[in-house]
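Here are the chains, one letter per residue:
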Amino acid sequence: MSYENILVDKSGAIGIVTLNRPQQLNALSYGLVKDTALALEELDRDPEIRVMIVTGGEKVFAAGADIKEMADAGAFDERVQGRLAYRDRINKITKPMIAAVSGYALGGGCELALSCDIIIASETARFGQPEINLGTIPGSGGTQRLTRLVGKYRAMEMVLAGDFIEADEAKRLGLANKVVPVESLMDEAKKLAQKIAAKPPLAVKFAKESIQKALNTPLDEGLEFERKSFYLLFSSEDRREGMKAFLEKRKPEFKGK
Ligand code: CAA
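### A look at the pairing of strand E4 (residues 97–101)
Side-chain direction in a regular strand flips from residue to residue, so the side chains alternate between the two faces of the sheet. Among the 5 residues in E4, 5 count as buried, and that is most of the element. Every second residue of E4 is oriented toward a common face, with Met-97, Ala-99 and Val-101 on one face and Ile-98 and Ala-100 on the other, all of them buried. Where E4 and strand E6 (residues 118–122) come together, 4 bridges link them in parallel fashion. Note on E6: the bridge partner recorded for Ile-98 is Ile-118.

Next up, the structure:
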């Protein structure tokens, strides 16, 4: 499939989606969000791909939802609702997604990074939820996911004051895994993606699902889900191979079965 607003690249087991509306600072228009959701779903189905990287390039990750597109929209405007419906589909991707963030990740851009499973930030990354300045509030998890990650007080400050936080502060808050120089951002993201891609894919999928549950469910329910996933993996060939290889002191050969 070819896309108008993004670039899609495959490098071995890694799928890279690059947001590509540089003149608009990668503002998340209906078309861009639709393209991103469809491309990620396509990569999610691709048996050769094991990990995805979502990036906006070196200059900007995404300056938020497209304000021009939203300015005259009503509450039930098809494009606003359609954009958010595609947005929700991104949260259902089953393979690990790494956000490689450089420059602004604002509003919907910050929320897109938060929908990924790991965030690598460049030194120029700036995270923020400035929707308040436009008379609105975050609409894709900026009051929910962000609060669960950084806690009530920091989330309140980011969302109510609309201030941006810098890369080091984001790392301190647990919003970024790592901060690296701009020029090594993609190398670092790919290095981590390759490391994860070499792990047994079923265990990776179940681990992602279980960790996501931790943000959505009471502890008892999450523990039950984890236990069932743990038992289920005993029926996988890769689990048997992993343990056998350890005992035979050799490298395991995982097949994704
Ligand atoms: N939507 C549409 N266009 C945008 C945009 C956005 N979110 N952000 C930037 N642009 C456009 C600008 O209009 C400008 O276009 P023109 O050249 O045609 O005028 C171009 O990108 C470059 O932007 P600036 O000249 O403003 O660049 P700057 O370096 O001076 O400032 C910035 C950068 C601080 C990111 C500033 O552009 C800005 O504040 N952008 C808006 C950020 C924002 O409010 N995001 C939240 C959007 S709402 C949202 O995301 C809702 C949701 O959760 C669903």
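Having seen it, we continue.
### A look at the site of the ligand
By nearness alone, 22 residues border the ligand, and Ala-65, Ile-67, Gly-108, Glu-111 and Glu-131 come closest of all. Here a nitrogen atom of the ligand and a backbone polar atom of Ala-63 are 2.9 Å apart. Ala-65 places a polar main-chain atom, nitrogen or oxygen, 2.8 Å from an oxygen atom of the ligand. In the complex, 63% of the free accessible area of the ligand, which totals 990 Å², lies under the protein chains. Listed by contribution, the elements that provide at least two residues to the shell around the ligand are helix H2 (67–70), strand E5 (104–106) and helix H4 (108–115). Here the element with the most residues in the shell around the ligand is H2; it accounts for 3 residues. Here the shell around the ligand is composed, by residue class, of 11 nonpolar, 6 polar and 5 charged.

### Topic: the nonpolar core
Generally speaking, nonpolar side chains in soluble globular proteins are found buried as a group. Counting 45 residues, the largest nonpolar core has Phe-61, Val-101, Phe-127 and Leu-175 as the members making the most contacts within it. With 8 residues, helix H1 (residues 30–45) is the largest single contributor of residues to this core. Core analysis: the next-biggest nonpolar cluster, separate from the first, contains 15 residues, Ile-14, Ile-16, Val-51 and Ile-53 among them.

### Things to note about the sheet that holds E4
Sheets are built from strands that pair by backbone hydrogen bonding, the pairs being arranged parallel or antiparallel. A sheet is described by the order of its strands in space; here 6 strands give the open sequence E1-E2-E3-E4-E6-E9, paired in mixed fashion. Each of the sheet's edge strands pairs with one partner strand only, and the pair in question is strand E1 (6–11) and strand E9 (178–180). Shown here is a sheet whose adjacent strand axes are inclined to one another by a mean of 20°, direction ignored. One ladder, built from 5 bridges, connects strand E2 (residues 14–19) with strand E3 (residues 51–55); its direction is parallel. Its bridge partner being in E3, Ile-14 is matched across the sheet by Val-51.

### A closer look at the side chain of Thr-36
By secondary structure assignment, the location of Thr-36 is in helix H1. Sequence-distant contacts of Thr-36, defined by excluding residues within four places in its chain, comprise Ile-6, Val-17, Leu-19 and Ile-90.

### Thoughts on the packing of aromatic side chains
One pass over the structure, following the stated rule, counts 4 aromatic pairs. Here Tyr-104 and Phe-164 contribute two aromatic rings whose centre-to-centre distance is 5.8 Å and whose plane-to-plane angle is 70°, an arrangement assigned as edge-to-face. Taken together, the residues span a long stretch of sequence, with Tyr-104 in strand E5 and Phe-164 in the loop between helix H6 (152–161) and strand E8 (165–166) at a distance of 60 residues. A relative accessible area of 36% means that Tyr-104 is categorised as partly exposed. Taken together, a centroid distance of 5.3 Å and an interplanar angle of 65° make the contact between Phe-230 and Phe-234 edge-to-face. Judged by relative accessible area, which is 46%, Phe-230 ranks as partly exposed. In this structure Phe-234 comes out as partly exposed when scored by relative accessible area, which is 34%. Put simply, the rings of Phe-230, Tyr-231 and Phe-234 touch in pairs and so form one group of aromatic residues. Above the plane of the ring of Phe-225 lies Lys-213, whose end atom (NZ or CZ) is 5.0 Å from the centre.

The rules behind the values
Counting of residues starts from 1 at the beginning of each chain's written sequence and follows it residue by residue. For this predicted model, a pLDDT threshold of at least 70 governs which residues receive local features, and a threshold of 80 or more governs which side-chain atom pairs are given and counted, while totals over whole chains, interfaces and linings are taken from all residues. The basis for the side-chain values is all heavy atoms of the structure; hydrogens and waters are excluded. With a 1.4 Å probe rolled over the protein chains alone, any residue whose accessible area is under 20% of its type maximum counts as buried; one over 50% counts as exposed, and the rest are partly exposed. In this text, helices come from DSSP runs of H or I with a minimum length of four residues, and strands from runs of E with a minimum of two, each type numbered from the N-terminal end. Paired strands are those between which DSSP finds at least two bridges. Residues are counted as near a molecule or strand when any one of their heavy atoms sits within 4 Å of it. Any pair of nitrogen or oxygen atoms within 3.5 Å is treated as a polar contact; in protein, a donor-acceptor pairing is required on top of that, and neighbouring residues in sequence qualify only through side-chain atoms on both sides. Note that accessible areas follow from Shrake-Rupley with a 1.4 Å probe, and for residues the cover is restricted to the protein chains shown. Here the nonpolar group is Ala, Val, Leu, Ile, Met, Phe, Trp, Tyr, Cys and Pro; Asp, Glu, Lys and Arg are the charged ones; every other residue, Gly included, is treated as polar. By nonpolar core is meant a set of buried Ala, Val, Leu, Ile, Met, Phe, Trp, Tyr and Cys residues that side-chain atoms within 4.5 Å join together. Between the N-to-C directions of two axes lies an angle of 0 to 180 degrees, each axis being a line fitted to C-alpha atoms and, for a helix, fitted only over the stretch in contact. Only heavy atoms enter the contact rule, under which two residues are in contact if any of them lie within 4.5 Å. Centres within 6.5 Å make a pair out of two Phe, Tyr or Trp rings, where for Trp the six-membered ring is used; the pair is then stacked when the planes are under 30 degrees apart, edge-to-face when over 60, and tilted otherwise. Our definition puts a charge over a ring when NZ of Lys or CZ of Arg is within 6 Å of the ring centre and also within 35 degrees of the ring normal.

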